[in-house]
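Okay, here's what each chain looks like letter by letter:
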Amino acid sequence: MTYIDGFVLAVPTANRERFRAMAERVAKIFADHGALRVIENWGDDVPKGEVTDFYRAVQAKEDETVIFSFIEWPSKEARDKGNEAVAADPRMEQVPEEMNLMDPKRMIYGGFVPLVDEKGA
């Protein structure tokens, strides 16, 4: 079964196109190093909860949108090897257009073992 890296972060809403461009550039690098899919999702219908929610998890501000993203790998071993290769890839150096795009300190992330993987028709 595959292995999933998941991410939740807040991006200033005004930076949507800059984020999309950065995500598209970086997704190709992850794919080059073994990722099966890279999915970047821009918050659209993200409710605010009474106790906790995505906004609180990343301390999103009023002018920010919550992003939910994941990278699918063939296995945890492929993920570990791929992440190591991505970190060493010179293409990962931040380009000027990506400066001050978001606050990476408020990103939450982790690796996950799928429990259910059902595909529809």
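Please refer to the structure higher up on the page.
Please read these numbers as outputs of a predicted model, since none were measured by experiment. (Residues numbered from 1 in each chain as written. Predicted model: local features only at pLDDT ≥ 70, side-chain atom pairs only at ≥ 80, totals over all residues. Heavy atoms only, no water.)

**Considerations on the pattern of salt bridges**
Piece 1. This structure, assessed with the given rule, holds 13 salt bridges.
Piece 2. Where Glu24 meets Arg20, a salt bridge forms, and the shortest distance between an N and an O atom there is 3.3 Å. On the criterion of helical spacing, the pair formed by Glu24 and Arg20 is a turn pair, its members being four residues apart in helix 1 (residues 16-32).
Piece 3. Exposure remark for Glu24: the relative accessible area of 45% places this residue in the partly exposed category.
Piece 4. According to the relative accessible area criterion, Arg20 is partly exposed, its value standing at 38%.
Piece 5. Salt-bridge contacts for Asp103 lead to Arg106; the nearest nitrogen and oxygen are separated by 3.2 Å.
Piece 6. Classification of Asp103 by relative accessible area gives partly exposed; the value is 31%.
Piece 7. Linked by salt bridges that have partners in common, Asp5, Arg79 and Asp80 make up one network. (Salt bridge = Lys/Arg side-chain N within 4 Å of Asp/Glu carboxyl O. Helix = DSSP H or I, 4+ residues; strand = E, 2+ residues; numbered from the N terminus. Buried < 20%, exposed > 50% of the residue type's maximum accessible area, 1.4 Å probe, protein only.)

**Structural notes on helix 1**
Piece 1. Compared with an ideal rise of 1.5 Å per residue, which puts 17 residues at 24 Å, helix 1 spans 24 Å between its outermost C-alpha atoms and is within 8% of the ideal.
Piece 2. By the burial criterion, the buried members of helix 1 are Phe19, Met22, Ala23, Val26, Ala27, Ile29 and Phe30. On an axial view of helix 1, the arc spanned by its buried residues comes to 160°, and they lie on one face. Facing away from the buried side of helix 1, by more than 90 degrees, are the exposed residues Lys28 and Asp32.
Piece 3. In this structure, the buried side of helix 1 is in contact with strand 1 (3-12), strand 2 (37-42), strand 3 (64-73) and helix 3 (76-88). (Expected span 1.5 Å × (residues − 1). Arc of directions from axis to C-beta. Contact = heavy atoms within 4.5 Å.)

**Thoughts on helix 3**
Piece 1. Between the first and last C-alpha of helix 3 there are 18 Å, a value that for 13 residues agrees with the 18 Å anticipated at 1.5 Å per step.
Piece 2. For helix 3, the complete set of buried residues consists of Arg79, Gly82 and Val86. Down the axis of helix 3, the sector holding all buried residues measures 70°, keeping them to one side. For helix 3, the exposed residues set more than 90 degrees away from the buried face come down to Glu77, Lys81, Glu84, Ala87 and Ala88.

**Topic: the nonpolar core**
Piece 1. Leu9, Phe19, Phe30, Ile71 and Trp73 are the most contacted members of the largest nonpolar core, which has 16 residues in total.
Piece 2. If you list the elements that add at least two residues to this core, you get strand 1, helix 1 and strand 3.
Piece 3. The element best represented in this core is helix 1, accounting for six residues. (Core = buried A, V, L, I, M, F, W, Y, C linked by side-chain atoms within 4.5 Å.)

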